[in-house]
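Geometric and topological summary
Each chain is listed here by its residues.
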Amino acid sequence: MSTLIPAWVDGTLQPVDKLDAHLRGLRHKAISVFVLRGDHILIQRRALGKYHTPGLWANTCCTHPHWDEDSATCAYRRLQEELGITGLTLHHKGQIEYRADVGDGLIEHELVEVYLARAPQGLHIAPAPSEVMDTRWITLPNLTEQIAATPDSFTPWLRIYLADHAAKIFGTGFLA
């Protein structure tokens, strides 16, 4: 069964098969979530069965809303589906647009609604093996250093977020 996502075709937003949107490089809607605990960010390593960027480290979670699904509902849904995380309050941090080659002839051209949540100590995380092969908490400076040292271990969008949009996502106080 295909998943229909909101994508722009000839300037009109319409439901498009997710894989088709990536093959054609169509601009489409997406969400990204960053969960923080103190000065640490929860990142995930994508499962090896993912159809693009398998085995790469990414932000806490990201996906595409279904057709007619609002972005906040999608963000809460994917936190639960990918990581078993519930009960957090998401804060909308704005929109980011990017275009990136994700390999195998696929292009992510996304208009992303970005969300941030603060997690309590002892947050229960139960990754879905079909989605996530590993998780870890990491400070932003350490993550930035690791991306600089081994960029190919991280998804293109995480590299873009941190290089170009960190202040927008995390605020200047978090970066100090």
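Keep in mind that what you see is a predicted model, and the values were worked out from it rather than measured. Along each chain, residues carry numbers from 1 onward, in the same order as the chain's sequence is written. Whole-chain, interface and lining totals are the exception, using all residues; otherwise, since this is a predicted model, local features are given only for residues with pLDDT of at least 70 and side-chain atom pairs are given and counted only at 80 or more. Note that water and hydrogens are dropped before the side-chain values are worked out from all heavy atoms of the structure.

**With respect to the side chain of Glu110**
Keep this limit in mind: Secondary structure elements are defined from DSSP: runs of H or I of at least 4 residues count as helices, runs of E of at least 2 residues count as strands, and each element is numbered from the N terminus. The contact criterion used is simple: two residues touch if any of their non-hydrogen atoms lie within 4.5 Å.
Relative to the helices and strands, Glu110 is located in strand 8 (residues 106-118). Ignoring any residue separated from it by four or fewer positions in sequence, one finds Glu110 in contact with His22, His28, Ala30, His64, Ile96, Glu97 and Tyr98.

**A closer look at the pattern of salt bridges**
To keep it simple, the criterion reads: By convention in these notes, a salt bridge is any Lys or Arg side-chain nitrogen within 4 Å of a carboxyl oxygen on Asp or Glu. Buried residues are those whose accessible area, probed at 1.4 Å on protein chains only, stays under 20% of the maximum for their type, while exposed residues exceed 50% and partly exposed ones sit between those limits.
All told, the structure shown has eight salt bridges when counted by the stated rule. Put simply, Arg24 and Asp20 hold a salt bridge, and the shortest N to O gap is 3.1 Å. In this pair, Arg24 and Asp20 are both assigned in helix 1 (residues 18-24), four residues apart and thus about one turn of the helix distant. Classification of Arg24 by relative accessible area gives partly exposed; the value is 47%. Classification of Asp20 as partly exposed rests on a relative accessible area of 27%. For Lys50, the salt bridge identified is with Glu131, shortest N-O distance 2.4 Å.

**Let's talk about the environment of His28**
Within the secondary structure layout, His28 lies in strand 3 (residues 27-37). A residue is classified by how much of its surface remains accessible, and His28, at 0% relative accessible area, is buried. For the pair His28 and His109, spaced 81 residues apart in the sequence, the C-alpha separation amounts to 6.3 Å.

**Some thoughts on unusual backbone geometry**
For Asp10, which is not a glycine, the phi torsion comes out positive at approximately 50°. As for its position among the elements, Asp10 is in the loop between strand 1 (4-9) and strand 2 (12-17). A residue is classified by how much of its surface remains accessible, and Asp10, at 80% relative accessible area, is exposed. Even without glycine at this site, Asp104 takes up a positive phi of about 55°. Looking at the secondary structure, you find Asp104 in the loop between strand 7 (91-103) and strand 8.

**Topic: the environment of Asn59**
So the rule is basically this: Any pair of N or O atoms that falls within 3.5 Å is considered a polar contact. Within protein, one atom must be able to donate a hydrogen and the other to accept it, and sequence-neighbouring residues count only if both atoms are side-chain atoms.
Structurally, the position occupied by Asn59 is in the loop between strand 5 (57-58) and strand 6 (61-63). Overall, the relative accessible area of 0% leaves Asn59 in the buried class. Residues Asn59 and Leu158 lie 99 residues apart in sequence; the distance between their C-alpha atoms is 6.2 Å. Here Cys61 takes part through its backbone oxygen, which lies 2.9 Å from a polar atom of the side chain of Asn59. Here the side chain of Asn59 touches Trp157 through a polar contact of 3.1 Å, side chain to side chain.

**Here's the deal with helix 3 (residues 140-149)**
Note the cut-off: Taking the helix axis as origin, the arc is that swept by the directions to the C-beta atoms.
Taken residue by residue, helix 3 has Leu140, Leu143 and Ile147 as its buried positions. For helix 3, the angular spread of the buried residues around the axis is 60°, confining them to a single face. Exposed residues pointing more than 90 degrees away from the buried face of helix 3 are listed as Pro141, Glu145, Ala148 and Ala149. Between the side-chain oxygen of the N-cap and the backbone nitrogen of Asn142 there are 3.2 Å, and the N-cap of helix 3 in question is Thr139.

**A short note on the packing of helix 3 against helix 4 (residues 156-164)**
Working note: a packed helix pair is described by the angle between its axes plus the distance between those axes. Note the following rule: The axes are straight lines fitted to the C-alpha atoms, using for helices just the contacting stretch, and the angles between their N-to-C directions are given from 0 to 180°. Throughout, the term roughly parallel applies to angles under 35 degrees, roughly antiparallel to angles over 145, roughly perpendicular to angles from 65 to 115, and oblique to all others. By definition, turning the near helix anticlockwise from the far helix through less than a right angle yields a left-handed crossing, and turning it clockwise yields a right-handed one. All amino acids are sorted into three groups, where Ala, Val, Leu, Ile, Met, Phe, Trp, Tyr, Cys and Pro are nonpolar, Asp, Glu, Lys and Arg are charged, and the leftover types, Gly among them, are polar.
Between helix 3 and helix 4, the least distance of the axes is 11 Å, while the angle of their chain directions is 120°. Relative to helix 4, helix 3 is oriented oblique. As for the relative orientation of helix 3 and helix 4, their crossing is left-handed in sense. For the pair helix 3 and helix 4, the contacting residues are Leu140, Leu143 and Ile147 in the first and Leu158, Arg159 and Leu162 in the second. Classifying every residue of the contact of helix 3 with helix 4 by side-chain character gives five nonpolar, no polar and one charged.

**Topic: the packing of aromatic side chains**
The line we're drawing: Two rings belonging to Phe, Tyr or Trp (six-membered ring only in the last case) form a pair when the distance between their centres is within 6.5 Å. Interplanar angles under 30 degrees mark stacking, angles over 60 mark edge-to-face geometry, and anything in between is tilted. A ring is scored as having a charge over it whenever the NZ atom of a lysine or the CZ atom of an arginine sits within 6 Å of its centre and within 35 degrees of its normal.
Tallying each qualifying case throughout the model produces three aromatic pairs. Ring geometry for Phe34 and Tyr161: centres 5.8 Å apart, planes at 65°, overall edge-to-face. Of this pair, Phe34 sits in strand 3 while Tyr161 sits in helix 4, and the two are 127 residues apart along the sequence. The two residues Phe34 and Tyr161 agree in class, both being buried. With a centroid separation of 5.2 Å and 80° between ring planes, the pair formed by Phe34 and Phe170 is classed as edge-to-face. A residue pair is termed long-range when its members are at least 10 positions apart, and Phe34 in strand 3 and Phe170 in helix 5 (residues 166-170) qualify at 136 residues. With a relative accessible area of 6%, Phe170 lands in the buried category. Three or more aromatic residues joined by ring pairs make a cluster, and in this case those are Phe34, Tyr98, Tyr161 and Phe170. The positively charged end of Arg27 is found above the aromatic ring belonging to Trp8, 4.4 Å away from the centroid.

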